[in-house]
Every structure is written in C-alpha cells, then in structure tokens.
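# Architecture at a glance
Read off the chains here:
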Amino acid sequence: MYRHLKRIRVIGSVVFLALLTYTIIDASFALTRIGQIVLKTQLVPSILAGAAIWLVLWLLITLTFGRVYCSSVCPLGTLQDAAARCGVWCRKGTRKYYRYAAPLNALRIPIAIAVGACLLFGFTFVVTLTDPFTLYSRIVIAIAKPMAIGLGSLGAACIVLAAVGLVAWKRGRLLCNTVCPLGGMLALISRVPVYRIDINTDKCIHCGKCEDVCKSECIDLRGGCVVDNTRCVMCMNCTAVCPNDAITLRRGKYRLSTPMMLATGNQAQCQMKNEVPTEASITSRSSALDRLDRHDSHDIIDTIDNIDAPNKSH
Ligand code: SF4
Ligand code: SF4
Ligand code: SF4
C-alpha cells in the first residue's frame with residue numbers, strides 16, 4: 001500500500017515542476033487562474049505578497065504531515081531529486097547510497113532564524129537571495145532567455161545549478177537540511193507532526209534498505225531505529241523499499257511491543273558484543289523495560305546500556 005505513495009509523490013512533483021516552469025516562461029499563462037494558483041503555492045512569494053491563506057494552509061499541512069512541501073511543490077527540491085537520482089544510478093553496485101548523518105543544526109537553525117527575521121522586518125532582498133522559488137526562476141529565465149537576460153545572469157544561474165546539482169548528486173538533500181532557510185523553518189514546525197514516517201521495530205529486520213535510499217540521511221538504524229522528522233522530506237523512498245512494511249507513514253509514534261523488543265534488543269546487544277544472550281540478562285532487561293514509559297527507543301537503549309554496565313564488572 002505504501003509503495004503507491006512514492007509513485008504518487010514523484011508523478012505529482014514532476015507534473016508540478018513542469019507546470020511551474022511553463023508558468024515562469026510564459027508570462028500570459030502566469031496571468032491565468034491555473035498559473036496564479038501554481039505561483040501562489042510557493043511559500044515565500046505568497047508571504048511577500050501577503051497571501052495569508054497559503055501560509056496558513058502550508059502551516060497546517062506541515063503540522064499534520066511534516067515537510068510535504070519539500071517533496072511536492074518546491075522546484076529546487078525536485079531539481080535536487082533529479083540530480084540525486086542520477087548520482088544513485090551512477091553509484092549503483094559500487095557502494096551504499098546514503099548513510100545516516102547527524103543534523104548540522106549549528107548551520108541550519110541560525111540561517112533559518114536570520115532569514116525569518118529578514119522576512120519579518122521586510123528585508124526582501126536577503127530573502128529572495130535564498131528563496132528556492134526565486135533561485136529556480138532565475139535558472140529557468142536565464143536558460144530559456146539567455147540573450148535577453150545577458151551572459152552575467154546566465155553564468156550566475158549556471159553556478160547555482162551546478163552547485164545544487166553536485167551536492168544533491170553526492171549527498172541527496174543535504175542543502176535542504178543545512179542551508180535552505182525555508183527548509184529550516186519548516187523543520188522547526190515539523191518537529192512533532194501528527195502523521196510521520198516511523199519504524200515498527202517489531203517488524204524491522206535491519207536490512208538497511210530504507211537507510212540506503214533516504215536522501216535526507218535521517219534514518220538512524222543504529223541509534224534505535226529512529227527517523228529525524230525535522231529532516232524527513234516525505235519523499236516515501238523508504239516506504240517503497242521496505243520488504244516488511246516496517247517503515248510507514250503513521251499517526252503518532254510507534255509503541256514498542258515489549259516481548260519483541262526484549263528479544264531483538266537483547267540479541268542485538270549480544271551480537272554487537274559477540275555474546276550469547278542469557279536468561280538472566282533477558283530478565284534484567286525485562287524488569288527495566290517494564291518500568292519505562294515505552295515511547296522513546298533512545299530511552300530504552302540508554303536503559304539497556306545502564307543494565308549492561310554493572311554486568312560487565314562481574
Ligand atoms: S528545504 Fe528548501 S530547497 Fe529544499 S525542498 Fe524544502 S524549501 Fe525547497
Ligand atoms: S525518512 Fe528519508 S526516505 Fe523516508 S520519507 Fe523521509 S526523507 Fe524520504
Ligand atoms: S527497510 Fe524496513 S526492514 Fe529494512 S531496515 Fe528499513 S525499516 Fe527495517
């Protein structure tokens with residue numbers, strides 16, 4: 001069932017990108033009703049134009065489903081996906097595609113706050129320098145009408161295109177999760193969305209396929225099977241490849257089933273240390289887990305580590 005989500009998302013984002021590109025090129029189409037709706041879906045231009053309804057709409061969507069914006073209507077996002085896809089094709093069979101990487105909060109949060117403040121106080125020049133839609137418009141206009149715009153603008157557009165393409169080729173959505181101020185703002189809102197990508201640890205067989213295809217590098221299989229929703233762009237790549245439907249779009253956070261967690265947690269810990277799991281270790285983990293509010297897998301792993309510490313000294 002979840003495999004269809006990716007297909008719908010990809011078709012939707014490609015159709016939208018084509019429509020948006022045409023709207024930017026053809027000024028008369030931009031004046032039609034469809035053209036205006038297409039342009040208004042872009043967050044920063046809508047905010048600058050005072051179209052509060054679109055801001056409220058995207059706020060609600062992000063609070064409910066996370067960063068859907070980044071995988072559907074953002075043209076720079078779709079452009080990065082195309083470059084990232086080419087990178088994956090070229091690397092096929094040579095090495096794993098993506099690996100979990102810690103968030104670069106020292107970069108993305110200050111950028112998001114600084115650009116947010118500029119937006120608030122009307123420094124639109126700074127905002128348009130970093131707005132994904134404006135950057136994409138410049139690329140389209142410069143490539144479609146190079147003679148009219150002049151070679152200088154074409155050069156600048158090519159530099160942006162090359163930089164965005166190269167980083168996406170190598171590291172997927174790294175730019176989205178480090179320098180894009182809009183992405184940083186959406187990340188703050190999507191910290192605890194109603195619907196989120198989450199891993200059912202009872203079903204997960206740790207095959208690593210979801211991590212391989214996560215272009216946001218936000219699936220941490222070693223750190224307790226958690227998904228960093230602030231960086232997840234809802235592309236559904238992971239749900240399409242999971243052989244066990246363990247990683248899915250779901251309402252709220254997955255609640256661990258104690259017996260399975262005990263088994264897998266105990267086995268995984270022992271595998272890491274090349275030990276055979278004993279009945280005593282299972283019992284001690286069981287009583288500790290019973291005391292836990294089983295909402296956060298990080299808590300569980302911390303507790304398991306604490307139990308293991310005294311055992312080591314014996
Ligand atoms: S993070 Fe920024 S550039 Fe990336 S998809 Fe989202 S809005 Fe677009
Ligand atoms: S966790 Fe990664 S692969 Fe899955 S939807 Fe989010 S960004 Fe895409
Ligand atoms: S693809 Fe599914 S089973 Fe494999 S590691 Fe990811 S969540 Fe687990």
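Conventions adopted
- Residues numbered from 1 in each chain as written.
- Chains lettered and ligands numbered in written order.
- Predicted model: local features only at pLDDT ≥ 70, side-chain atom pairs only at ≥ 80, totals over all residues.
- Helix = DSSP H or I, 4+ residues; strand = E, 2+ residues; numbered from the N terminus.
- Buried ≥ 20, exposed ≤ 12 C-beta atoms within 10 Å, placed from the backbone.
- Contact = placed C-beta atoms within 7 Å.
- Pairing = 2+ DSSP bridges.
- Near = placed C-beta within 6 Å.
- Nonpolar A, V, L, I, M, F, W, Y, C, P; charged D, E, K, R; others polar.
- Expected span 1.5 Å × (residues − 1).
- Core = buried A, V, L, I, M, F, W, Y, C linked by C-beta atoms within 7 Å.
- Axes fitted to C-alpha atoms, helices over the stretch in contact; angles between N-to-C directions.
- Parallel < 35°, antiparallel > 145°, perpendicular 65-115°, else oblique.

### Re the overall build of the protein chain
When its secondary structure is counted, the protein chain shows 17 helices and 4 strands. For the protein chain, buried positions account for 33% of its 314 residues. Considering only contacts in the protein chain between residues 6 or more positions apart, those separated by 24 or more positions represent 72%.

### Focus: the pairing of strand β1 (residues 195-199)
For β1, a buried count of 4 out of 5 residues is recorded, marking the element as mostly surrounded by other parts of the structure. When β1 meets strand β4 (residues 247-251), the two strands line up antiparallel, connected through 5 bridges. Residue pairing for β4: Asp198 is matched across the bridge by Thr248.

### As for the site of ligand 2
Around ligand 2 sit 14 residues in total, of which Cys214, Ser216, Cys232, Cys235 and Cys238 are the nearest. Of the residues that constitute the shell around ligand 2, the class distribution is 12 nonpolar, 2 polar and no charged.

### Notes on helix α6 (residues 75-91)
Here α6 is 17 residues long and its end C-alpha atoms lie 25 Å apart, about the 24 Å a rise of 1.5 Å per residue gives. Gly93, located one to two residues past α6, shows a positive phi value of around 80 degrees.

### Things to note about the site of ligand 3
Taken together, the neighbourhood of ligand 3 is formed by 15 residues, with Cys204, Cys207, Cys210, Cys242 and Ile247 sitting nearest. For the shell around ligand 3, the per-class residue count stands at 11 nonpolar, 3 polar and 1 charged.

### Focus on the environment of Leu154
Take Leu154: it is sitting in helix α11 (residues 151-171). Residue class for Leu154 comes out partly exposed when judged on the 18 C-beta atoms lying within 10 Å of it. Counting along the chain gives 16 residues from Leu154 to Arg138, while the straight-line C-alpha distance between them is 8.5 Å.

### A word on the nonpolar core
Counting residues in hydrophobic clusters, the biggest one holds 50 residues, and the most contacted among them are Tyr69, Cys210, Cys214, Val227, Cys238 and Ile247. Cys238 has contacts with Ile197, Cys210, Val213, Cys214, Ile219 and Ile247, leaving out every residue within four places of it along the chain.

### With respect to unusual backbone geometry
If you check the backbone angles, Cys225 has positive phi at about 55 degrees while not being a glycine. Relative to the assigned elements, Cys225 resides in the loop between β2 (219-220) and β3 (226-227). The class of Cys225 is buried, set by 22 C-beta atoms lying within 10 Å. Backbone geometry at Met236 places phi at a positive 70 degrees, although glycine is not the residue there.

### Side note on the packing of helix α7 (residues 105-120) against helix α12 (residues 181-189)
The contact between α7 and α12 brings their axes to 8 Å, and the two run at 100 degrees. As judged from the angle between their axes, α7 and α12 are roughly perpendicular. Contacts between α7 and α12 pair Arg108, Ile109, Ile111, Ala112, Val115 and Gly116 from the former with Pro181, Gly184, Met185, Ala187 and Leu188 from the latter. Looking at side-chain class alone, the contact of α7 with α12 contains 8 nonpolar, 2 polar and 1 charged residues.

### Some details on the environment of Arg196
With respect to the helices and strands, Arg196 occurs in strand β1. Note: C-alpha distance between Arg196 and Arg251 (55 residues apart in sequence) is 6.4 Å. Once residues within four sequence positions are removed from consideration, Arg196 is found in contact with Gly66, Asn229 and Arg250.

Keep in mind these numbers describe shape, not what the thing actually does.
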